[in-house]
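Examining the three-dimensional arrangement
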Amino acid sequence: MSHDKQRSTDAGASSGQPADADAEFDSLLPGLRRRDFVKAGAAVGGLGGLAGCTSLLSDEDVEGTASASEVDSSVPPGEHDEYYAFLSGGQSGDVRVYGLPSMRELARIPVFQPDAGRGYGHDDESRQMLEEAGGYTWGDTHHPRISQTDGDYDGRFAYVNDKANGRMARIDLTYFETDAIVDIPNQQGTHGACAQLPDTDLIFGVGEFRTPIPNDGSGDLEDPEEYGSVLAAINPESMNVEWEVLVDGNMDNGDGSKEGQYFFTTGYNSEGGVTEEEMTRSARDNVKAFDIPRIEAAVEAGDYETINEVPVVDGRQDSPLNQGDEPIVHYIPTPKSPHGISVTPDNQYAIASGKLDPTASVIDIAAIDEVDDPADAIVGQPQLGLGPLHTAYDGRGHAYTTLFIDSQVVKWDIEEAVEAEAGSESPVIEKIDVHYNPGHLIAAESYTENPAGDWLISLNKLSKDRFLPVGPQHPENDQLIYIGDDEAGMQLVKDSPAHAEPHDASICHKSKIDPAKTYDPEDLDLEYTDQGEETMERVDDDRVEIEMYSTRNHYGFQEMTVREGDTVEMQVTNIETTSDMLHSVAIPDHDIHMRVAPQETRKATFTADEPGVYWIYCAHFCSALHLEMRSRLIVQPEE
Ligand code: RUQ
Ligand code: CUA
């Protein structure tokens with residue numbers, strides 16, 4: 001079977017969609033027909049061995065699919081994984097925690113959506129947080145990034161964007177729960193998310209959708225020339241937006257340089273178009289390099305306009321702040337609608353993937369401020385394959401880039417790419433087929449200064465025929481690839497079906513995260529109610545306050561009687577000290593499932609608006625007498 005044929009079977013016949021994508025791609029790249037490219041690409045695949053060596057192999061040798069693997073990825077029953085992987089949940093609005101290399105899903109952390117499994121959005125505090133963040137029932141998480149200190153994961157927090165509603169959330173990694181959400185003013189389509197490194201001094205939200213700013217109907221809504229998008233800098237402690245920078249064109253993904261000076265974003269639609277055709281017209285867009293100290297100096301100097309209470313600095317190309325040789329934003333012309341960008345672990349390069357161009361652009365970070373023509377900061381442009389999207393690192397000088405259209409991951413040599421001619425394929429070491437159409441990929445600790453270099457996950461958008469069919473919506477397929485053996489090459493280890501729709505991930509060694517076993521009551525705002533301290537009080541004509549505990553197998557009150565129309569504030573402490581001994585307060589017909597983990601106190605406020613008897617019960621299976629763990633809520637009819 002020729003490589004070409006296989007591709008069309010893989011990508012075309014079973015779904016139809018990628019074939020269309022190819023056709024589209026052809027139209028975007030006149031002069032480079034897809035088929036020609038695949039032929040050319042075939043010459044450089046195979047197991048090239050060590051960095052930079054590429055061997056010329058025949059078509060047969062480059063199928064690339066390592067179907068079986070000798071790599072031991074087994075994690076026997078009862079044993080623990082080596083890594084935590086945090087995967088975004090896309091339009092499900094959550095972040096998933098996997099163990100690696102088993103790819104077992106250990107937890108789902110709800111972020112932008114209520115989740116009864118964890119009582120999230122069911123108690124007053126989390127409900128209020130979701131309400132104050134806009135009151136939406138969903139979000140679209142793409143880029144989970146773990147906080148760093150000194151260029152390494154510190155295990156304190158993870159941050160993740162909401163593309164749908166322009167928000168950024170923080171997850172506390174002591175409790176593995178969302179503890180803050182900011183609704184970012186002046187920004188729609190918060191896409192890229194990343195920290196200022198090496199110490200997580202700022203979190204950046206990258207605005208993708210161009211809108212009038214402010215978007216309140218006051219300006220000309222019809223004229224796209226009047227639209228803009230901003231980069232938002234968020235304080236990681238207070239989660240307030242400190243400042244924003246207005247730029248030309250769409251932005252997309254982002255990553256920070258390792259020493260804190262730059263934040264990079266890719267961007268498409270420098271054309272400022274509003275239709276697909278307009279957005280893809282020009283052959284070049286740009287990478288923006290935001291000079292953070294200069295932007296902060298401009299804010300300091302009062303060089304901004306306050307819009308929706310946020311200082312907005314003008315970073316457009318014709319801004320006075322961008323004239324002269326100390327611009328606040330460098331616009332580096334890059335082919336064509338570049339998508340992913342990531343900084344190499346040694347901070348030498350920022351690598352942007354071409355998306356609609358088969359190359360990646362290697363930007364020399366030290367050169368950005370030296371060159372007269374920003375284009376000269378690009379020191380390498382290897383030809384990788386079709387639809388390059390995202391790049392990860394192994395810490396041994398190799399880059400790994402997803403090829404969306406080719407359904408492959410390509411491994412290439414970064415220094416070789418700098419030495420080779422632009423457009424050369426010689427930096428390519430090998431390619432491996434993935435199934436199918438990968439978006440992101442992530443290597444263990446790739447975002448730190450010291451990647452681990454052993455495991456890589458390719459987050460594939462389509463799974464098609466890989467699993468039992470479950471109706472028209474298929475799972476995604478996150479594939480585990482071993483990259484620890486340069487001689488043997490990349491080895492596909494396992495498929496892992498995923499609920500819609502992981503985008504990106506961060507992988508962190510287990511030694512860097514220290515999750516709590518029980519809650520520390522000191523960390524919570526609500527007061528602890530021990531056995532014997534339970535109270536039930538009518539504080540008002542129509543308000544009852546209850547404070548009680550829960551333990552195996554009962555609640556502080558066997559029954560609670562209130563009047564129809566009462567507002568009931570029910571606070572519950574789980575007084576268990578044993579890890580994993582959860583209880584909950586499920587109230588039939590009141591839409592409440594309040595979870596209480598050991599030593600945790602939560603409160604839910606509700607209206608008792610229908611007279612009757614409601615059996616409060618515990619929904620976490622806690623003991624043999626779990627079913628008996630109940631209490632009656634008696635709502636007396638109004639007289
Ligand atoms: S994006 S599949 Cu939202 Cu990170 Cu590139
Ligand atoms: Cu407590 Cu079930």
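Figured I'd write up the structure that's included with this text. Residue numbers restart at each chain and count upward from 1, following the sequence in its written direction. Here chains are named by letter from A upward and ligands by number from 1 upward, in the order in which they appear as written. Reporting of local features is limited, given that this is a predicted model, to residues whose pLDDT is at least 70; pairs of side-chain atoms are given and counted only at 80 or more, and all residues count toward the totals for whole chains, interfaces and linings. Where side-chain values are given, they derive from all heavy atoms of the structure, hydrogens and water being excluded.

Here we look at the pairing of strand E6 (residues 167–172)
Of all six residues in E6, six are buried, a share of seventy percent or more. Here the rule is simple: two strands pair whenever DSSP picks up at least two bridges between them. Comment: elements are numbered from the N terminus, with helices defined as DSSP H or I runs of at least four residues and strands as E runs of at least two. Where strand E5 (residues 152–162) lies against E6, six bridges are found, and the strand directions are antiparallel. The partner of alanine 158 across the bridge, within E6, is isoleucine 171. Following E5, the chain reverses through four residues before pairing antiparallel with E6; glycine 166 in that reversal takes a positive phi of roughly 60 degrees. In this structure, E6 lies alongside strand E7 (residues 177–183), joined through six bridges in antiparallel fashion. What sits directly across from methionine 168, in E7, is valine 182. Between buried and exposed lies partly exposed: a residue is buried under 20% and exposed over 50% of the maximum accessible area for its type, with that area taken using a 1.4 Å probe on protein chains only.

Section: the site of ligand 1
The environment of ligand 1 is made up of His142, His143, His191, Asn253, His339, His390, Gly439, His440 and His503. Broken down by class, the residue content of the shell around ligand 1 amounts to no nonpolar, nine polar and no charged. For the purposes of this description, domain bounds are those given by an automatic or database domain assignment. Shared between two domains, the shell around ligand 1 takes at least three residues from each, and those domains are domain 2 (32–74 + 81–180 + 382–515) and domain 3 (184–374). The nearness test applies per residue and asks whether one of its heavy atoms lies within 4 Å of the molecule or strand. Only Asp, Glu, Lys and Arg are considered charged, only Ala, Val, Leu, Ile, Met, Phe, Trp, Tyr, Cys and Pro nonpolar, and every remaining residue, Gly among them, polar.

Some details on the environment of arginine 104
If you trace the backbone, arginine 104 turns up in strand E3 (residues 104–110). Between the C-alpha atoms of arginine 104 and alanine 85, which are 19 residues apart in sequence, the distance is 9.9 Å. Two residues form a contact once any of their heavy atoms are found within 4.5 Å. Beyond its immediate sequence surroundings of up to four residues, arginine 104 is in contact with Val75, Glu79, His80, Asp81, Val97, Tyr98 and Gly99. Under this definition, polar contacts are N or O atom pairs within 3.5 Å; protein pairs additionally need one hydrogen-donor-capable and one acceptor-capable atom, and for neighbouring residues in sequence, both atoms have to be side-chain atoms. Here the side chain of arginine 104 touches aspartate 81 through a polar contact of 3.2 Å, side chain to side chain.

Concerning the packing of aromatic side chains
Note on aromatic contacts: the rings of Phe and Tyr and the six-membered ring of Trp form a pair at centre separations within 6.5 Å, being stacked when their planes are under 30 degrees apart, edge-to-face when over 60 apart, and tilted otherwise. One pass over the structure, following the stated rule, counts nine aromatic pairs. Pairwise contacts between aromatic rings join Tyr84, Phe86 and Phe176 into one cluster. Remark: a charge is flagged as sitting over a ring if the NZ atom of Lys or the CZ atom of Arg is within 6 Å of the ring centre and within 35 degrees of the ring normal. Positioned above the aromatic ring of phenylalanine 157, the side-chain terminus of arginine 170 is 4.7 Å from the ring centre.

Description of unusual backbone geometry
Looking along the chain, the bond that leaves leucine 100 and enters proline 101 is cis, with omega of 15 degrees. Secondary-structure assignment places proline 101 in the loop between strand E2 (94–100) and E3. The omega torsion across isoleucine 213 and proline 214 is 0 degrees, close enough to zero to call that bond cis. Within the element layout of this structure, proline 214 appears in the loop between strand E10 (211–212) and strand E11 (227–234).

Re the sheet that holds strand E24 (residues 398–403)
Strands sit in the order E23-E24-E25-E26 across an open sheet of four strands; the sheet is antiparallel. Each edge of the sheet is formed by a strand with only one pairing partner; in this case those strands are strand E23 (388–393) and strand E26 (428–433). On average, adjacent strands in this sheet sit at an angle of 25 degrees to one another, irrespective of strand direction. Direction of pairing for E23 relative to E24: antiparallel, over a ladder of four bridges. Paired with tyrosine 393 across the bridge in E24 is alanine 399. Between the N-to-C directions of two axes lies an angle of 0 to 180 degrees, each axis being a line fitted to C-alpha atoms and, for a helix, fitted only over the stretch in contact.

A few points about helix H4 (residues 124–132)
Looking only at H4, the buried set comprises Asp124, Ser126, Met129 and Leu130. Just beyond H4, the residue with positive phi is glycine 134, at close to 125 degrees.

Considerations on the pairing of strand E15 (residues 284–291)
Within E15, seven of the eight residues are buried, leaving the element largely enclosed by the surrounding structure. Examined bridge by bridge, strand E14 (residues 262–265) and E15 share four bridges and lie antiparallel to one another. Residue pairing in the sheet places tyrosine 262 in a bridge with aspartate 291 of E15. Across seven bridges, the pairing between E15 and strand E18 (residues 329–335) is antiparallel. Along E18, the bridge assignment pairs alanine 289 with histidine 330.

Here's the deal with the nonpolar core
Joining through side-chain atoms within 4.5 Å is the link that ties buried Ala, Val, Leu, Ile, Met, Phe, Trp, Tyr and Cys residues into a set, and such a set is a nonpolar core. In this structure, Phe86, Leu100, Leu173, Phe176, Ile181, Ile457 and Ile507 are the most contacted members of the largest nonpolar core, which totals 41 residues. Counting only elements with at least two residues in this core, the list comes to strand E1 (83–88), E2, E3, H4, E5, E6, strand E28 (455–460) and strand E32 (505–509). It is E1 that provides the largest number of residues to this core, a total of five residues. Setting aside chain neighbours within four positions, we find isoleucine 507 in contact with Tyr83, Tyr84, Ala85, Leu100, Tyr153, Ile442, Ala443, Ala444, Glu445 and Ile457. By size, the runner-up hydrophobic cluster in this structure holds 26 residues, among which are Phe557, Val568, Met570 and Ile616.

Thoughts on helix H6 (residues 292–300)
Turning to H6, its buried residues number three or more, namely Ile292, Arg294, Ile295, Ala298 and Val299. Looking straight down H6, one finds its buried side chains confined to an arc of 165 degrees; they lie on one side. Where H6 is buried, its residues meet strand E9 (203–209), strand E12 (241–247), E14, E15, strand E17 (310–314) and E18. With a side-chain oxygen positioned 3.1 Å from the backbone nitrogen of arginine 294, the residue opening H6 is aspartate 291. Looking one or two places after H6, you find glycine 302, whose phi comes out positive at around 80 degrees. To be clear, the arc concerns the directions from the helix axis to the C-beta atoms.

Some words on the pattern of salt bridges
Criterion for a salt bridge: a side-chain nitrogen of Lys or Arg within 4 Å of a carboxyl oxygen of Asp or Glu. Per the stated rule, a full pass over the model turns up 32 salt bridges. Across the pair glutamate 576 and arginine 552 runs a salt bridge whose closest N-O atoms are separated by 2.7 Å. Of the two residues, glutamate 576 sits in the loop between strand E37 (566–574) and strand E38 (583–587) while arginine 552 sits in the loop between strand E34 (543–551) and strand E35 (554–555), which places them 24 residues apart along the sequence. What makes arginine 552 partly exposed here is its relative accessible area of 34%. Among the charged side chains, a network of salt bridges with common partners joins Asp123, Glu125, Glu177, Arg595, Glu600 and Arg602.

Re the sheet that holds E15
Sheet strands pair by backbone hydrogen bonding; their relative direction is either parallel or antiparallel. Spatially, the four strands line up as an open sheet ordered E13-E14-E15-E18, and their pairing is antiparallel. In this open sheet, the two strands that pair with only one neighbour each are strand E13 (254–256) and E18. If you compare each strand with its neighbour and ignore which way they point, the axes differ by 20 degrees on average. Contacting E14, E15 and E18, H6 runs over the sheet at an angle of about 65 degrees to E15.

A few points about the environment of asparagine 574
Turning to its location among the elements, asparagine 574 is positioned in strand E37. On the accessibility criterion, asparagine 574 (0% relative accessible area) is buried. The spacing of asparagine 574 and alanine 597 is 23 residues in sequence and 6.2 Å in space, taken between C-alpha atoms. Among the polar contacts made by the side chain of asparagine 574, one reaches the main-chain amide nitrogen of glutamate 576 at a distance of 2.9 Å.

Description of the side chain of glutamate 501
Within the fold, glutamate 501 resides in the loop between strand E31 (497–498) and E32. A distance of 3.2 Å separates polar atoms of two side chains, one belonging to glutamate 501 and the other to lysine 461. In contact with glutamate 501, other than residues within four places in its own chain, are Ser88, Gly89, Gly90, Gln91, Ser92, Arg96, Lys461 and Glu476.

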